[in-house]
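Geometric and topological summary
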Amino acid sequence: MDPNILHNLSYGMYIVSSFKESELNGQVANTVFQITSQPVTIAISINKKNLTHEFIAASRRFTISILAEDTPLIFIGKFGFKTGRTEEKFKSVKYTTLTSGCPAVTENCIGYLEAKVAASFDCGSHTVFLGQMQESKVLKVAKPMTYEYYHQVKRGTTPETAPTYIREEASKKQAGPLKKYRCSVCNYVYDPLIGDPDFGITAGTPFEQIPATWVCPVCGAGKNDFVFEGLCT
Ligand code: FE
């Protein structure tokens, strides 16, 4: 078996949210699929350890919000690397409450659909929930983010399109080779050849020159949580 084959499966990027009584929670998920069209049935796979799993199991409802390609990493990090057990994720995001009581994230999203759980399958570490669509809305016309885009472009691993111009600019700013640093919390890698344009850190800025107030764009960890990863080549 060659596990590398799995890297060739394609996915999207979504926020799956649910509720339990008056509490709301949501998480990033890439495993969202339309299974049938009459009725519209959607399958999602959710880790049993996640709070969202507990909420879906309780309310039998879930909403899928479709992330746009230009969503900033910090927004994804809010739902992807923080747990709702210690943080109220919905406190600082725009959302709407649907008829069922389920929240739908509207910020950075192309639209949403809400479903009522019709069946669920125990898959060991995860549960696959099958839901029939009850409510849906298109919020804007934009390009949806793919899982591949998130990994290759947003997380700063070297994109094929990285222009030579950026490398030249980078070498002007600092003598000696530039260094990559990795977040010890979420494994995001700061690559100085790319910078963090979402936060005004231009390509070519060495890690050492980033302001101390800067935080990991994925999980919000501080600069001190970063460790040396390797030299830029
Ligand atoms: Fe991080």
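What counts and how
Residues numbered from 1 in each chain as written. Predicted model: local features only at pLDDT ≥ 70, side-chain atom pairs only at ≥ 80, totals over all residues. Heavy atoms only, no water. Pairing = 2+ DSSP bridges. Helix = DSSP H or I, 4+ residues; strand = E, 2+ residues; numbered from the N terminus. Donors = N, O, S within 2.8 Å, 3.2 Å for Na, K, Ca; no water. Tetrahedral: all angles 85-135°; square planar, octahedral: opposite > 155°, others 65-115°. Buried < 20%, exposed > 50% of the residue type's maximum accessible area, 1.4 Å probe, protein only. Polar contact = N/O pair within 3.5 Å; in protein donor to acceptor, adjacent residues only side chain to side chain. Patch = residues over 30% accessible without salt bridge, like charges linked within 9 Å, V, L, I, M, F, W, Y side chains within 5 Å. Areas by Shrake-Rupley, 256 points an atom, 1.4 Å probe, with all protein chains shown as cover. Salt bridge = Lys/Arg side-chain N within 4 Å of Asp/Glu carboxyl O. Axes fitted to C-alpha atoms, helices over the stretch in contact; angles between N-to-C directions. Contact = heavy atoms within 4.5 Å. Phe/Tyr/Trp six-rings, centres within 6.5 Å; stacked < 30°, edge-to-face > 60°.

**Describing the sheet that holds strand 12 (residues 226-231)**
- One open sheet accounts for three strands, arranged 11-10-12; its pairing is antiparallel. Strands at the two margins of the open sheet, each flanked by one partner only, are strand 11 (189-190) and strand 12.
- Bridge analysis of strand 10 (residues 179-183) against strand 11 gives two bridges, and the strand direction is antiparallel. Within the sheet, the bridge partner assigned to Tyr181 lies in strand 11 and is Tyr190.

**Here we look at the coordination of the iron ion**
- Within the protein, the atoms that donate to the iron ion are Cys183 (SG), Cys186 (SG), Cys216 (SG) and Cys219 (SG), at distances of 2.2 to 2.4 Å.
- One can describe the site at the iron ion as tetrahedral: its four donor atoms subtend angles covering 104 to 116 degrees at the metal.
- The motif formed by the donor residues of the iron ion, counted along the single chain, is C-x2-C-x29-C-x2-C. Across the pair, exposure class does not vary: Cys183 and Cys186 are buried alike.

**A short note on the environment of Ser184**
- Within the secondary structure layout, Ser184 lies in the loop between strand 10 and strand 11.
- Taking the C-alpha atoms as reference points, Ser184 and Phe228, 44 residues apart in sequence, are found 9.8 Å from one another.
- Side-chain polar atoms of Ser184 contact the backbone oxygen of Asp225, separated by 2.7 Å.

**Here's the deal with a nonpolar patch on the surface**
- Taken together, Ile5, Leu6 and Leu9 make up a surface patch of nonpolar side chains, about 310 Å² in accessible area.
- With respect to the secondary-structure elements, Leu9 resides in the segment before strand 1 (14-20).

**Some remarks on the sheet that holds strand 8 (residues 109-123)**
- Pairing is antiparallel across the open sheet formed by seven strands, whose spatial order is 2-1-5-8-9-4-3. Both edges of this open sheet fall to strand 2 (23-29) and strand 3 (32-37), since each of them pairs with a single strand only. Each adjacent strand pair in this sheet contributes to an overall mean axis angle of 35 degrees, direction not counted.
- Strand direction decides the pairing type here: strand 4 (residues 40-47) and strand 9 (residues 126-138), joined by seven bridges, are antiparallel. Bridge pairing links Ile46 to Thr127 in strand 9.

**Digging into the pattern of salt bridges**
- Enumeration according to the criterion identifies six salt bridges in this entry.
- In this structure, the salt-bridge partner of Arg61 is Glu114, at a minimum N-O distance of 3.2 Å. With Arg61 in strand 5 (residues 61-67) and Glu114 in strand 8, this residue pair connects regions lying 53 residues apart in the sequence. Summarising the burial analysis for this pair, Arg61 and Glu114 share the class buried.

**Regarding the pairing of strand 1**
- With six of seven residues buried, strand 1 is to be regarded as a mostly interior element.
- Where strand 1 and strand 2 come together, seven bridges link them in antiparallel fashion. Considered in strand 2, the bridge of Tyr14 is made with Ala29.
- Two successive antiparallel strands, strand 1 and strand 2, enclose a turn made up of two residues, where Glu21 displays a positive phi of approximately 55 degrees.
- When strand 1 meets strand 5, the two strands line up antiparallel, connected through four bridges. Bridged to Ser17 within strand 5 is Thr63.

**Describing the environment of Lys223**
- Residue placement: Lys223 occurs in the loop between strand 11 and strand 12.
- Sequence spacing of Lys223 and Asn8 is 215 residues, and the spatial spacing of their C-alpha atoms is 33 Å.
- With residues near it in sequence (within four places) discarded, Lys223 still touches Phe207, Glu208, Ile210, Pro211, Ala212 and Trp214.
- Within the structure, Lys223 has its side chain in polar contact with the backbone oxygen of Phe207 (distance 3.1 Å).
- In terms of polar contacts, Lys223 uses its side chain to reach the backbone carbonyl oxygen of Ile210, at 2.8 Å.

**Considerations on the packing of aromatic side chains**
- Following the criterion strictly, the structure yields 13 aromatic pairs and no others.
- Considering the side-chain rings of Phe90 and Tyr95, the 5.1 Å spacing of their centres and the 85 degrees angle between planes classify their relative orientation as edge-to-face.
- Judged by centre distance (5.3 Å) and plane angle (50 degrees), the rings of Trp214 and Phe226 are tilted. Placement of the pair is Trp214 in the loop between strand 11 and strand 12 and Phe226 in strand 12, with a sequence separation of 12 residues.
- Of the residues examined, Trp214 reaches a relative accessible area of 5% and is grouped as buried.
- On the accessibility criterion, Phe226 (8% relative accessible area) is buried.
- Ring-pair connections join several aromatic residues into one group, and the members of that group are Tyr181, Tyr188, Tyr190, Phe207, Trp214, Phe226 and Phe228.

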